[in-house]
Every structure is written in structure tokens, then in C-alpha cells.
Amino acid sequence: MAGVDYGERIPNNVNLAGDRRLQRALEEWQPKFLDWWMDMGPLGFQQQDVYLRTAVSVDAQGWAQFDWVKMPDYRWGLFLAEAEPGRTIGFGDHLGAPAWQDVPGEYRGVLRRLIVTQGDTEPASVEQQRHLGRTCPSLYDLRNLFQINVEEGRHLWAMVYLLDAYFGRDGREESEALLQRRSGDRDKPRILGAFNEKTPDWLSYLMFTYFTDRDGKYQLASLAESGFDPLSRTCRFMLTEEAHHLFVGETGIGRVVQRTCELMRDGKTDDVRKLGAIDLATLQRYINFHYSVSLDLFGSEVSTNAANFYTMGLKGRFEEAKKHDDHRLKDATYTVNELAGDRTTTREMPALPSLNERLRDDYIADCQRGVDRWNQVVKRHGIDVELRLPHRGFRRAIGLFSEVKVSPDGRVISEAEWDAGKHGWLPTEADQAYIESLMQPVTERSRFANWIAPPARGVNGQPVDFEYVRLP
Ligand SMILES: [Fe+2]
Ligand SMILES: [Fe+2]
């Protein structure tokens, strides 16, 4: 059983006490992390007791313990999934060789970049969400927000551990820089575009946790295949936390859909705004926006970087071990989207440089599953509307489709047609103002904002009207 030592200043299952140099580096970083948390973490609520789960061991069954915690006292720690004895590299040029327990010298720079890019997203999302507490739709939702925030903070710890433990002085410099960049900052922005967007309201936040956290799942899952074993084990444990973030997004949007449909049915109207809820057309526009921003995170359709990460054995495919092929892909092909004049089409391409597109395909299929579930809610209320994921080429800023304008149904269109259509496809200023007007805090136990249905059940077997956050 891989228990976590909470007697340590930094809880861990990586035997930190046995590595004085690393311990010193991390103990130096810890107060800077806390400064960042107080400056850029959740605004307010830092002295309130929140019903949070903390990892106490890393095995699948018993890793979480729930208790009231003040966020600055959260036990951020270093947790790796248990080692697989005799693990070998599962793909690429080093297929079958023992997994690396140390950084392979020739891949040092590439590996560091991968870790920094992943690490940068973690504090970024905390920064993006820092204003949300004061407009929470319920104590239940407020607690879930803070749970996600502390865990994203821990994900930062996870990446900083790798940098400090395996990359020496460069690693320590990168650890500092991770606390210095700021989401949306003009001079020192976060590395990836979606993490510089604003998360101004709870609808955007739920969309973010559904679509953008899901990109995180796919990135982490392919890094969990890595031949660099410490990265693999770190990411495997992070995925268990990430699952909760995705749950919050999926059930959160599901609850919005539910509330909207109840009001549509009972009020016999499509215009639920006059009833203080979020109409399905607005929801569709938010889906279009957050989905397209998140698709960009997978990078270009054809990418030599992606091919290199794979052949080097650093980043695998989603569920690499479950795939029945040669795990080298030198002669394999993959179907990639392409532009043919004013049409989108597909073409067989070499599989290695197409790995971004393949991961995006896995992601798209996963996104669709949740949309199907939301549509079942719509249907159950006898409403004849279907929420849809827009075409993958819609409003893209990276890759092939960034050169053209694509409608949600996948037609390459003129600038004029785009300008005429975009207000129907993307959140407008009026939409944003309306959503903002709904963002009135609801903090009484058992009450929920009018625009969102209560959840089916509470957290950790507690009732829905539990006091998830103790307010003064
Ligand atoms: Fe994360
Ligand atoms: Fe997350």
C-alpha cells in the first residue's frame, strides 16, 4: 500500500526525506507557491472551512479523505502512482527497453518542454477561475470549484517535483517561472491560448471543465504512457483527480440543460430568459466557443514534434497499450482532415506526424458522449432540439483550418458569410451580459440559483443541502 506521509512538511510518497537536495529545493519553492495561491488563487473564502478531499494514499480504492479544510492549509503534496515492476517502454524507437528512471540525456530539452507546457496549464486555470467564488450558484458548486482549484494547484506541484528532481538548475528556474506567468497577462502570458481566455462566469467555467479539462485528460493519458517512468507515474495519479473535474463539467452542464428544459416544458416557451434561465441557443453558442478553443490545444494536424515525441518514447497515444499494432508506426497511415478548395475532406497520411489529429479524434469522440447525454435530458422533456458539437474546422486558430472560415456544419465559407453568421454561432456581448446578470450568489444551504438544477446527489454520500462551505 502506497501511503502518504503527512508527518512531512510536504506530504509525499516519493521518499523526499531521503533526498536532502530535492527537499531543500521544494521547501524553498513552497512559500512562493503559497504567495502565488494567496495572490492569484480563489478571491475570498481563504479563511473558510471547505469540505475537501485530500489524497491519503495512491491506490485506486482508498486515496481520498474528506474533511473541512481552510484552503491555505490544504496538504499539497507529491504523489506518484505505484511503480509497475519491470515496466518497459511501450512504443517508439525504444520499444521494449526498460522504462527510464532518469532523464535520457539526449531528450532532456524536449522532455523539459513537455513538462513545463503541461505544468503551465495548472496554475493558469486557477487564475482564470479566481473570481468565481463570489457568484456561486450554491454551496455544493462552490465546494466543487475549490476542490478543482486545490487539485490544479497540486498538479502544479506534481510537475514542479519532476522539474526539481530531474532537471537540476534549469528545472528550478522553470519552477519559478511557472509561478510568474499569469493567465491573460500581456507581457508574461500562460503558454497555451485557451489558458489565457477569461472564465468570467459559471457557465464558462462549466464549459471549461467539460471541454478544456478534457484536453488535460488526453494530454495526461498520453504522457502516462511515457517511457520516462516518473512522468508516467505522476500523470497516472493526476488522472484520478482529473476525473472529478470532468464530472463537474459534465454534470454541471447537464444540470443547466435540465433546468432549462423544465422551464421550457412548464412554461410552454423556448424563451426561458424571461424566466431567468439559459436558453438552449445560448448554451449551443457557448459549446461552440469552448469546444473550438479546446480543439486548438491539440496542435496542428501534421506535426513533426508529435512524431518526435512518439519515436523518442516520451509521449504515447491514448491507451497505447490497448492498441494492437506494432507501436512504432513507421509504415502506418492515419486518416487526417484536409481542405480541398472550399470543401473539407480527408486523406491518408503517415501515422507518425498525424498523432495530434489522432489524439484530437479520441477527444472529439469523448466530447460527443457527454453531448449525447445532455440531449437525452432534452428529449426526456419532450423538446425537439439537439445540442451539437460544431465541425472541427469551426473557428480554429491553429492548424489547417485556421486559414479559412468554416461554419458549424462544416462548410468552408466566405468572410461575408462568416460575418453574417457569427452572431448566431458564438456568444455575443448581449449573451455575455445576460449570463453575467444571472450570476447572483446563492449561499443558503439547500438553495440553488434559478438557472441550474440541483445535482442528483451530494459529495461523498452527504446530502445535497450539506454545509459544504462554512460561511461566517
Ligand atoms: Fe490539472
Ligand atoms: Fe483539471
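(A) Just the coordination of the iron ion (ligand 2), in detail. Only Glu-152 (OE), Asp-213 (OD), Glu-242 (OE) and His-245 (ND1) from the protein reach the iron ion (ligand 2) as donors, at distances of 2.0 to 2.2 Å. When the donor residues of the iron ion (ligand 2) are listed from N- to C-terminus, their spacing reads E-x60-D-x28-E-x2-H. Separation of the iron ion (ligand 2) from the iron ion (ligand 1) amounts to 3.5 Å, with Glu-152 serving as a shared donor to the pair. Separated by 61 residues along the polypeptide, Glu-152 in helix α3 (residues 139-166) and Asp-213 in helix α5 (residues 202-223) bring together distant segments of the chain. With respect to burial, Glu-152 and Asp-213 carry one shared label: buried.

(B) Inspection of unusual backbone geometry at higher detail. Positive phi, close to 75 degrees, is recorded for Ser-446, a residue that is not glycine. Along the chain, Ser-446 turns up in the loop between α11 (429-438) and β7 (469-470). Of note, the phi angle at Asn-460 is positive, near 55 degrees, even though the residue is not glycine. Tracing the backbone through its elements, the reader meets Asn-460 in the loop between α11 and β7.

(C) Geometry of the coordination of the iron ion (ligand 1). Protein coordination at the iron ion (ligand 1): the donors are Glu-122 (OE), Glu-152 (OE) and His-155 (ND1), at 2.0 to 2.2 Å from the metal. Overall, Glu-152 belongs to the buried group, its relative accessible area being 2%. Taking relative accessible area as the criterion, His-155 reaches 0% and is therefore assigned buried.

(D) Examining the packing of α3 against helix α6 (residues 229-267) more closely. The contact between α3 and α6 brings their axes to 10 Å, and the two run at 160 degrees. By the angle class used here, α3 and α6 are roughly antiparallel. Relative to α6, the crossing made by α3 is left-handed. In the contact of α3 with α6, the residues fall into 13 nonpolar, 6 polar and 8 charged.

(E) Spatial organisation of a positive patch on the surface. Taken together, the side chains of Arg-20, Arg-21, Arg-24 and Arg-172 define a basic patch exposed on the protein surface. Take Arg-20: its relative accessible area is 55%, and that puts it in the exposed class.

(F) Broad picture of helix α8 (residues 304-311). Inspection of α8 places Ala-306, Ala-307, Phe-309, Tyr-310 and Thr-311 among the buried residues, and these make up the whole buried set. In the core, the buried residues of α8 are packed alongside α2 (108-128) and α9 (355-380). Capping the start of α8 is the job of one residue whose side-chain oxygen sits 3.3 Å from the backbone nitrogen of Asn-305: Ser-303. Looking one or two residues beyond α8, the residue adopting positive phi is Gly-313, at roughly 85 degrees.

(G) Fine view of the nonpolar core. Of all hydrophobic cores here, the largest spans 111 residues; its most connected members are Phe-33, Ile-115, Phe-211, Val-257, Tyr-363 and Trp-451. A per-element tally of this core places α3 first, with 16 residues. Discounting chain neighbours no more than four positions away, the residues touching Phe-211 are Ile-287, His-290, Tyr-291, Ser-294, Tyr-363, Cys-367 and Leu-389. Grouped together as the second largest cluster of nonpolar side chains are 12 residues, Ala-124, Phe-208, Val-293 and Phe-394 included.

Cut-off values and rules
Residues numbered from 1 in each chain as written. Chains lettered and ligands numbered in written order. Predicted model: local features only at pLDDT ≥ 70, side-chain atom pairs only at ≥ 80, totals over all residues. Heavy atoms only, no water. Donors = N, O, S within 2.8 Å, 3.2 Å for Na, K, Ca; no water. Helix = DSSP H or I, 4+ residues; strand = E, 2+ residues; numbered from the N terminus. Buried < 20%, exposed > 50% of the residue type's maximum accessible area, 1.4 Å probe, protein only. Axes fitted to C-alpha atoms, helices over the stretch in contact; angles between N-to-C directions. Parallel < 35°, antiparallel > 145°, perpendicular 65-115°, else oblique. Left-handed = near helix turned anticlockwise from the far one by under 90°. Nonpolar A, V, L, I, M, F, W, Y, C, P; charged D, E, K, R; others polar. Patch = residues over 30% accessible without salt bridge, like charges linked within 9 Å, V, L, I, M, F, W, Y side chains within 5 Å. Areas by Shrake-Rupley, 256 points an atom, 1.4 Å probe, with all protein chains shown as cover. Salt bridge = Lys/Arg side-chain N within 4 Å of Asp/Glu carboxyl O. Lys, Arg positive; Asp, Glu negative; His and termini not counted. Charge placed at Lys NZ, Arg CZ, Asp CG, Glu CD. Contact = heavy atoms within 4.5 Å. Polar contact = N/O pair within 3.5 Å; in protein donor to acceptor, adjacent residues only side chain to side chain. Core = buried A, V, L, I, M, F, W, Y, C linked by side-chain atoms within 4.5 Å.

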